[in-house]
Amino acid sequence: MPKNYEIDEVDLKILSHLMIDAKTPYTEIAKKVYVSGGTVHVRMKKLEEMGVVRGTTLQLDYSKLGFDVTCFLGIYLQRSSLYDSVVEELKGIPEVVRIHYTTGNYNIFIKIHCRDTNHLRQVLHDKIQKVDGIDRTETFISLDESMSRPIQLTGE
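Throughout this description, residue numbers start from 1 for each chain and increase along the sequence as written. Predicted model: local features are reported for residues with pLDDT of at least 70 only, side-chain atom pairs are reported and counted for 80 or more only, and whole-chain, interface and lining totals are derived from all residues. Excluded from the side-chain calculation are hydrogens and water; included are all heavy atoms of the structure.

1. Observations regarding the nonpolar core
Argument step 1. In this structure, L90, I108, I110, I112 and I128 are the most contacted members of the largest nonpolar core, which totals 22 residues.
Argument step 2. Only β1 (69-77), α4 (83-91), β3 (108-114) and α5 (117-126) provide two or more residues apiece to this core.
Argument step 3. A helix here means a DSSP run of H or I that spans at least four residues, while a strand means a run of E at least two residues long, and both kinds are numbered starting from the N terminus. Examining the composition of this core, we find that 5 residues originate from one element, β1, more than from any other.
Argument step 4. Contact between two residues is taken to exist if any of their heavy atoms lie within 4.5 Å; hydrogens are not considered. For I128, the contacting residues outside a window of four places in its chain are L73, L90, I93, V96, I110, I112, V123, I134 and T137. To qualify as a nonpolar core, a set must consist of buried Ala, Val, Leu, Ile, Met, Phe, Trp, Tyr and Cys residues joined through side-chain atoms within 4.5 Å. Summary of the burial criterion: residues with accessible area below 20% of their type's maximum are buried, those above 50% are exposed, and those between are partly exposed, where the area comes from a 1.4 Å probe applied to protein chains only.

Here it is in structure tokens:
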């Protein structure tokens with residue numbers, strides 16, 4: 001792939017359609033973007049090689065799978081230099097689904113899914129708060145996710 005490849009409006013339109021539904025066939029996207037299916041395929045391959053596209057995921061309704069509690073945790077570290085080791089330990093906790101290194105009050109902000117509040121207590125007490133380097137945590141229980149969407153890449 002050429003190092004000077006620049007993302008253009010066609011790439012952004014392709015990505016916009018796939019962000020809405022990653023299972024959309026390239027031929028269908030090609031019709032909407034007014035290019036060939038092969039063009040969509042080649043451009044997606046280039047975007048993957050560039051690291052713009054890092055894979056595809058399923059969006060799940062965790063409550064229908066028995067995970068009724070979604071939380072966000074603000075984590076205070078004993079020292080910022082412990083970030084890497086703390087993150088490695090957090091990655092080993094299955095309920096942790098997102099980890100962000102942040103500015104502001106917390107060093108780390110994470111998202112977790114639990115079956116219920118008892119499971120949440122167990123995850124907090126027996127897993128997260130036992131991670132070396134964590135000073136303390138602050139928990140925010142989500143009552144409802146009102147919106148989840150991809151960012152708009154084009155003017156369409």
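2. Considering helix α3 (residues 37-49)
Argument step 1. The span expected for a helix works out to 1.5 Å for each residue beyond the first. Given a rise of 1.5 Å per residue, 13 residues ought to cover 18 Å, and the 19 Å separating the end C-alpha atoms of α3 matches this to within 8%.
Argument step 2. Within α3, the full set of buried residues consists of V40, R43, M44 and L47. Each buried residue of α3 sits inside an arc of 105 degrees when the element is viewed along its axis, so together they form one side. Here, the arc refers to the directions that run from the helix axis to the C-beta atoms.

3. Some thoughts on the sheet that holds strand β4 (residues 134-142)
Argument step 1. Strands are treated as partners if at least two bridges between them are detected by DSSP. Pairing is antiparallel across the open sheet formed by 4 strands, whose spatial order is β2-β3-β1-β4. Of all strands in the sheet, those with a lone pairing partner are β2 (96-101) and β4, marking the two edges. Each strand of the sheet is rotated relative to its neighbour by a mean of 20 degrees, with strand direction disregarded.
Argument step 2. Where β1 lies against β3, 7 bridges are found, and the strand directions are antiparallel. Across the sheet, L73 pairs through a bridge with I110, a residue of β3.
Argument step 3. To obtain an axis, a line is fitted to C-alpha atoms, over the contacting stretch when the element is a helix, and the angle between two such axes runs from 0 to 180 degrees between their N-to-C directions. Set on the sheet, α5 makes contact with β1, β3 and β4; between it and β3 the angle comes to about 140 degrees.

4. Brief notes about the pattern of salt bridges
Argument step 1. We count a salt bridge whenever a side-chain nitrogen from Lys or Arg sits within 4 Å of a carboxyl oxygen from Asp or Glu. Considering all chains together, one arrives at 8 salt bridges under this definition.
Argument step 2. Measuring nitrogen to oxygen at the nearest pair gives 3.9 Å for the salt bridge that ties K64 to D61.
Argument step 3. Judged by relative accessible area, K64 falls into the exposed class, the value being 71%.
Argument step 4. With a closest N to O distance of 3.8 Å, E145 and K111 form a salt bridge. In this pair, E145 sits in the segment after β4 while K111 sits in strand β3, placing the two residues 34 residues apart along the sequence.
Argument step 5. Overall, the relative accessible area of 53% leaves E145 in the exposed class.
Argument step 6. Of the residues examined, K111 reaches a relative accessible area of 17% and is grouped as buried.
Argument step 7. Through salt bridges that share partners, D8, D11 and R43 make up one connected network.

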